[in-house]
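For reference, the chains in residue letters:
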Amino acid sequence: MSIAPVIHICGWPGSGKRTIAMELRDQIGARLIDNHLILNPASALFDRGTAQRSALRERLRAVIYDAALGLPKDVPIILTDAVAQTDAESPLVVPMLDFVAARCAQLIPFVLAIEANENRRRLSDPARIGSGKLTDADVLDDLRSRHSLLHLPEARVLDVTHLTANAAACALAAEIAASRSAQ
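Draft legend 1. Just the overall build of the protein chain, in detail. Check the secondary structure of the protein chain and you find seven helices and five strands. Reading the helices (α) and strands (β) of the protein chain from amino to carboxyl end gives β-α-β-α-α-β-α-β-α-α-β-α. Taken over C-alpha atoms, the radius of gyration comes to 16 Å for the protein chain, in line with the 16 Å a tight globule of 183 residues would show. Along the three orthogonal principal directions, the C-alpha set of the protein chain runs to about 45 × 40 × 30 Å. Buried positions account for 42% of the 183 residues belonging to the protein chain. For the protein chain, the separation between the mean place of its 20 positive charges and that of its 21 negative charges on side chains is 4 Å.

Draft legend 2. Seen up close, helix α4 (residues 94–103). Listing the buried residues of α4 in full gives Met 96, Phe 99, Val 100 and Arg 103. Seen from one end, α4 has its buried residues packed into an arc of 95°, which puts them on one side.

Draft legend 3. Structural detail: the nonpolar core. Counting residues in hydrophobic clusters, the biggest one holds 42 residues, and the most contacted among them are Ile 7, Ile 9, Leu 24, Ile 33, Ile 78 and Leu 79. Taken together, the elements giving at least two residues each to this core come down to β1 (6–11), α1 (17–28), β2 (31–33), α3 (51–68), β3 (77–81), α4, β4 (107–113) and α7 (165–181). Apart from residues lying up to four places away in sequence, Leu 79 is in contact with Val 6, Ile 7, His 8, Ile 9, Ile 33, Tyr 65, Met 96 and Phe 99.

Draft legend 4. A look at the layout of surface pockets. Of the voids in this model, the largest pocket is the one considered here, and its volume is about 1,200 Å³. Pro 13, Asn 35, His 36, Ala 82 and Leu 134 are the residues nearest the centre of the largest pocket, which is lined by 46 residues in total. At the level of elements, α1, α2 (35–45), α3, α5 (116–123) and α6 (137–146) are the ones that each hand at least two residues to the lining of the largest pocket. The leading source of residues in the lining of the largest pocket is α1, at five residues. A class-by-class count of the residues in the lining of the largest pocket yields 17 nonpolar, 14 polar and 15 charged.

Draft legend 5. A look at the sheet that holds β4. One open sheet accounts for five strands, arranged β2-β3-β1-β4-β5; its pairing is parallel. Each having just a single partner strand, β2 and β5 (156–159) make up the two edges of the open sheet. Strand-to-strand twist of the sheet, defined as the mean angle between neighbouring strand axes without regard to direction, takes the value 25°. Of the strand pairs in this sheet, β1 and β4 are connected by six bridges, and their pairing is parallel. When the bridges of β4 are listed, Ile 9 appears paired with Phe 110.

What counts as what
Sequence positions are assigned chain by chain, starting from 1 and proceeding in written order. With the structure being a predicted model, the display of local features is reserved for residues of pLDDT at least 70 and the display and counting of side-chain atom pairs for 80 or more, all residues being used for whole-chain, interface and lining totals. The basis for every side-chain value is the complete set of heavy atoms in the structure, and neither hydrogens nor water enter the calculation. Secondary structure elements follow DSSP: runs of H or I of four or more residues count as helices, runs of E of two or more count as strands, with numbering from the N terminus. Restricting the calculation to C-alpha atoms gives the radius of gyration, and the globule rule supplies 2.2 Å times the number of residues raised to the power 0.38. Classification of residues uses two cut-offs on accessible area relative to the type maximum, computed with a 1.4 Å probe and protein chains only: under 20% is buried, over 50% is exposed, and between them is partly exposed. Here Asp and Glu are counted as negative and Lys and Arg as positive; His is not counted, and neither are the chain ends. Charged side chains are reduced to one point each, which is NZ for Lys, CZ for Arg, CG for Asp and CD for Glu. This arc corresponds to the set of directions leading from the helix axis out to the C-beta atoms. In plain words, nonpolar cores are sets of buried Ala, Val, Leu, Ile, Met, Phe, Trp, Tyr and Cys residues tied together by side-chain atoms within 4.5 Å. By definition, residues are in contact when any of their heavy atoms lie within 4.5 Å. The distinction between a cavity and a pocket rests on a 1 Å grid over the protein atoms alone: a 1.4 Å probe fits inside a cavity but cannot get out, while a pocket stays open yet meets protein on both sides within 12 Å along at least five of seven lines, and a residue with an atom within 4 Å of a point counts as lining. Grid points are joined across faces, edges and corners, and a volume is the space filled by probe spheres set on the points. Polar here means any residue other than Ala, Val, Leu, Ile, Met, Phe, Trp, Tyr, Cys and Pro, which are nonpolar, and Asp, Glu, Lys and Arg, which are charged; Gly is therefore polar. Each pair of strands is called paired provided DSSP finds at least two bridges between the two strands. Only the contacting stretch of a helix is used when fitting its axis, a line to C-alpha atoms as for every element, and angles between N-to-C directions run 0 to 180 degrees.

Written out as C-alpha cells, the structure is:
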C-alpha cells in the first residue's frame, strides 16, 4: 500500500478553496479538512485577534489532525487555508507540516491565484453570508495589499480566475497524479 499525499490548497478568501477542494475530494477519493472546520467554532465563541480564539483554534486543529492520523494511509487528505507568506513559521503552518511528517506522506502544495476583481465578485456570493466566511471586499482588498500568499516549497500555482471549480479540481488532480508518478 502506498502512502497517499497530503494536498495543501492555499488561496485568498473567496478564491474557491473549499469548493475546488470538495470537487477534488470527490475525484480522488480524499478526505477534506477545510480551514473553516477549525475556524468557525473558534470564531463563534471568541472575537478575531483574541488569545482565546487563537488557543481554541490551535486545540481544535490538534484534535482534528490527531484524528486524521488514524485514517488509512492510502487515503489522500486535502487541507485548505488562507495563509500569508509572513505566517510561514506560524501556528497555522508548523502543525500542518508536523502532521504531514507524522503521516510520512508527500506534501503537494498548491496556491490558487485569482484576479482581484474576480476575487471580489466571488467574495460577494450570497452563499457565503452566514457561513463564517469573509464577505467584506474592503477587508479582502486590505489583505491583498498588505500580504502575499504563502508559497510552500515546490508549490504549484493555479490561476482559477476563469476556471470552474470542476475544471480547477481536474487540473489539480492531474498535477497530483504527475507528482506521484514522478516519485
